[in-house]
Amino acid sequence: MANVLFTNARIIDGSGAQPFAGEVLIQGNRISRIGRGARALPVSGVTVIDAAGATLMPGMCEAHTHFGWTNSKTLDAIQKLPHEEHTLWAAQVAKQYLDHGWTSCVGAATPKPRLDCVIRDAINSGQIPGPRYIAASQEITVTGSLGDDMLPHLPYPEMSFGCVVDGPDAMRKAVRMFLKYGVDQIKLNLSGDNLVPGADARTSWMSDAEVAVAAHETKVRGKRLASHARSSESVKQSCRHGVEVIYHASFADEEALDMLEAQKDKVFVAPGLSVILRLLYEGEVVGIDNKTAKSMGYELELEAAVNSMKKMLKRGIRVLPGGDYGFAWAPHGENAKDLEYFVKYLGMTPMEAIVSATRWGGQIMMRGKELGEIKEGYLADLLLVDGDPLSNIAVLQDRGKLLAIMKDGVFCKEPEIRSQRSRWSQTAA
Ligand SMILES: [Zn+2]
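Bear in mind that the values here come from a model prediction, so they are computed numbers and not experimental data. (Residues numbered from 1 in each chain as written. Predicted model: local features only at pLDDT ≥ 70, side-chain atom pairs only at ≥ 80, totals over all residues. Heavy atoms only, no water.)

### A closer look at the coordination of the zinc ion
What counts here: Metal-coordinating donors are taken as N, O and S atoms lying within 2.8 Å of the metal, or within 3.2 Å when the metal is Na, K or Ca; because water is left out, some sites can appear incomplete. Each residue gets one of three labels from its accessible area relative to the maximum for its type: buried under 20%, exposed over 50%, partly exposed in between, using a 1.4 Å probe on protein chains only.
Coordination of the zinc ion by the protein involves His-64 (NE2), His-66 (NE2) and Asp-324 (OD), with metal-donor separations of 2.0 to 2.1 Å. All donors of the zinc ion come from a single chain, and their spacing in sequence reads H-x1-H-x257-D. Assigned by exposure class, His-64 and His-66 land together as buried.

### A look at the nonpolar core
Let me state the cut-off plainly: Working definition of a nonpolar core: buried Ala, Val, Leu, Ile, Met, Phe, Trp, Tyr and Cys residues. They are joined through side-chain atoms within 4.5 Å. Any two residues having at least one pair of non-hydrogen atoms within 4.5 Å are treated as being in contact.
Ile-140, Leu-188, Leu-260 and Met-312 are the most contacted members of the largest nonpolar core, which has 93 residues in total. Setting aside chain neighbours within four positions, we find Met-312 in contact with Ala-249, Ala-252, Leu-257, Leu-260, Val-269, Ile-317 and Val-319. The next biggest cluster of nonpolar side chains, apart from the first, holds 20 residues, and it includes Val-4, Ile-11, Ile-374 and Phe-411.

### Notes on the pattern of salt bridges
Once the charged atoms of two side chains with opposite charge are near each other, the side chains can pair. Our working rule: One speaks of a salt bridge when a side-chain nitrogen belonging to Lys or Arg is within 4 Å of a carboxyl oxygen belonging to Asp or Glu. A run of H or I in DSSP becomes a helix once it reaches four residues, and a run of E becomes a strand once it reaches two; helices and strands are each numbered from the N terminus.
Counting across every chain of the model gives 28 salt bridges. Taking the shortest distance from any N to any O, the salt bridge between Arg-132 and Asp-408 comes out at 3.1 Å. With Arg-132 in strand β8 (residues 132-134) and Asp-408 in the loop between β17 (402-407) and β18 (410-413), this pair connects stretches of sequence that are 276 residues apart. Residue classification places Asp-408 among the partly exposed positions, given a relative accessible area of 24%. Linked by salt bridges that have partners in common, Glu-254, Asp-258, Glu-261, Lys-311 and Arg-315 make up one network.

### Looking at the sheet that holds strand β9 (residues 136-141)
Let me state the cut-off plainly: Between any two strands, at least two bridges found by DSSP are needed for them to pair.
The seven strands lie next to each other as β10-β9-β11-β12-β13-β14-β15, forming an open sheet whose pairing is parallel. Edge positions in the sheet fall to β10 (163-164) and β15 (318-319), since each of these pairs with one other strand and no more. Sheet analysis places strand β12 (residues 224-229) next to strand β13 (residues 245-248), joined by four bridges and oriented parallel. If you follow Ala-229 over to β13, its bridge partner there is His-248.

### Describing the confidence of the model for the chain
Spelled out, the test is: pLDDT is a residue-level measure of predictor confidence that goes from 0 to 100.
On average, residues of the chain carry a pLDDT of 93, and 94% of them reach 70 or more. Considering only residues more than four positions removed or in separate chains, one finds that residues 418-429, a stretch of pLDDT under 50, has 17 contacts.

### Quick look at unusual backbone geometry
Look at Arg-39: it is not a glycine, yet its phi comes out positive at around 50°. Topologically, Arg-39 is positioned in the loop between β3 (30-36) and β4 (47-50). The phi torsion at Ala-249 lies on the positive side, around 55°, for a residue other than glycine. Tracing the chain through its elements places Ala-249 in the loop between β13 and α7 (254-262). On the accessibility criterion, Ala-249 (0% relative accessible area) is buried.

### A look at the side chain of Arg-318
Stated precisely, the cut-off is as follows: A residue counts as positive if it is Lys or Arg and as negative if it is Asp or Glu; His and the chain ends are not included. Under this definition, polar contacts are N or O atom pairs within 3.5 Å; protein pairs additionally need one hydrogen-donor-capable and one acceptor-capable atom, and for neighbouring residues in sequence, both atoms have to be side-chain atoms.
Along the chain, Arg-318 falls in strand β15. Salt bridges are absent for the buried Arg-318, whose nearest opposite-charge side chain, Asp-265, sits at 5.7 Å. A polar contact of 2.7 Å, which involves the side chain of Arg-318, links it to the backbone oxygen of Asp-265. The contact partners of Arg-318, leaving out residues within four places of it in the chain, are Lys-264, Asp-265, Lys-266, Val-267, Phe-268, Val-269, Trp-360 and Gln-363.

### Concerning the environment of Asp-324
Inspection of the secondary structure assignment puts Asp-324 in the loop between β15 and α11 (337-346). Residue classification places Asp-324 among the buried residues on the basis of a relative accessible area of 8%. Between the alpha carbons of Asp-324 and Ala-212 there is a distance of 26 Å; along the sequence they are 112 residues apart. Each residue touching Asp-324, except ones within four places of it in the same chain, is listed here: His-64, His-66, Trp-69, Arg-230, His-248, Ser-274 and Val-275.

### A look at the pairing of β17
Counting buried positions along β17 yields five of six residues, so the element is predominantly enclosed. Sheet topology places strand β16 (residues 382-385) next to β17; four bridges connect them, and they run antiparallel. Among the inter-strand pairings, Leu-383 is bridged to a residue of β17, identified as Ile-405. Bridge count between β17 and β18: three bridges; the pairing is antiparallel. Bridge pairing in β18 places Lys-407 opposite Val-410. The turn linking β17 back onto β18 is made up of two residues, and Asp-408 within it adopts a positive phi angle of 55°.

### Digging into the sheet that holds strand β6 (residues 60-65)
Note the threshold: Interaxial angle, 0 to 180 degrees, is taken between N-to-C directions of lines fitted to C-alpha atoms, where a helix line uses only the stretch in contact.
Taken together, three strands build an open sheet; the order of strands is β6-β7-β8 and the sheet is parallel. Of all strands in the sheet, those with a lone pairing partner are β6 and β8, marking the two edges. Along the sheet, successive strands turn relative to each other by an average axial angle of 15°, direction set aside. Sheet topology places strand β7 (residues 102-107) next to β8; three bridges connect them, and they run parallel. Paired with Cys-105 across the strands is Tyr-133, a residue of β8.

So this is what it looks like as structure tokens:
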């Protein structure tokens with residue numbers, strides 16, 4: 001791990017403060033010093049990267065990631081992939097996230113019980129490249145709801161897309177099984193979803209007794225709960241049982257918003273707008289025209305979700321990017337579209353969208369005191385961007401504009417700027 005000094009950078013530090021020209025020194029895996037202006041920090045004993053005015057910002061965090069989703073149209077196409085191929089697939093997806101500037105990802109459910117844990121461990125041990133990762137369980141669901149998708153002709157007939165439980169005893173067993181496998185986060189499907197016939201987004205499925213058992217078992221082991229919660233009741237249920245990561249929350253009514261606000265220092269919401277927007281406006285790629293998407297309820301859900309998220313932001317509730325990428329209508333790698341959606345649909349400024357992907361990202365990774373900002377002592381997860389995301393947030397979608405990507409003090413993408421300028425890149429002995 002070399003010591004690296006970025007000079008001549010335009011620094012967006014992730015705190016929401018205005019950008020400034022300056023220098024950042026990385027020593028080991030941490031940001032050791034930040035200097036304002038030119039030649040602020042000593043250059044001896046370090047590799048100097050002249051950023052030539054490019055933007056230096058914290059690495060981004062994707063709050064709702066599924067490495068196991070296979071860019072297919074349906075849940076059962078994901079499920080049909082056998083374990084061995086699925087593991088290889090998820091490994092290359094993990095690298096893809098890092099290559100697109102996502103240095104942290106929160107696993108939001110895995111299609112095979114141990115897949116997320118295996119990938120996380122392989123990343124952490126250096127076997128494969130990938131972001132910092134919070135490994136999830138399968139989606140735990142109940143009979144009839146999202147994820148109850150038993151396909152008996154599969155190579156692993158015991159497996160449904162989700163882990164289907166009915167009753168507190170079955171829930172306890174499922175949660176304990178995933179905790180035994182080593183997950184960081186248990187995922188519960190509390191509401192339905194417009195993709196499921198007979199269980200649309202406004203329906204709620206799990207009993208309080210089931211959720212209470214899951215919450216107890218998870219917290220007793222010091223792990224975290226996440227929920228798929230599109231309906232208003234499922235958001236309230238999440239709040240009642242201390243679910244900290246709430247996905248979607250589209251139909252949250254005033255009572256649900258009050259409950260979220262009361263826990264706003266603990267709770268994170270990731271709306272996952274891509275599913276709704278892509279199916280509504282770009283669904284033709286998977287044979288769903290606008291009329292069909294409307295009949296599936298997506299126009300109604302978009303209006304509700306935009307409304308709910310705007311109210312949440314006003315109340316100071318953290319709304320994060322991350323949105324179920326990995327389907328045919330929104331493949332892996334396009335995740336930075338979420339930041340553009342936040343600006344376009346939720347009225348965030350580009351700076352607010354960046355804070356939601358960086359500062360709040362460190363917080364949802366449970367490392368808010370050392371991750372997600374360019375701050376002395378913080379972990380060195382950084383992006384060097386050719387362009388100004390504050391004037392064009394879409395620049396973050398262009399992998400070619402990411403000149404350098406650093407995770408934990410190590411370049412995952414070395415800046416070409418360095419080799420071009422090797423004459424004045426210097427490493428003093
Ligand atoms: Zn999801």
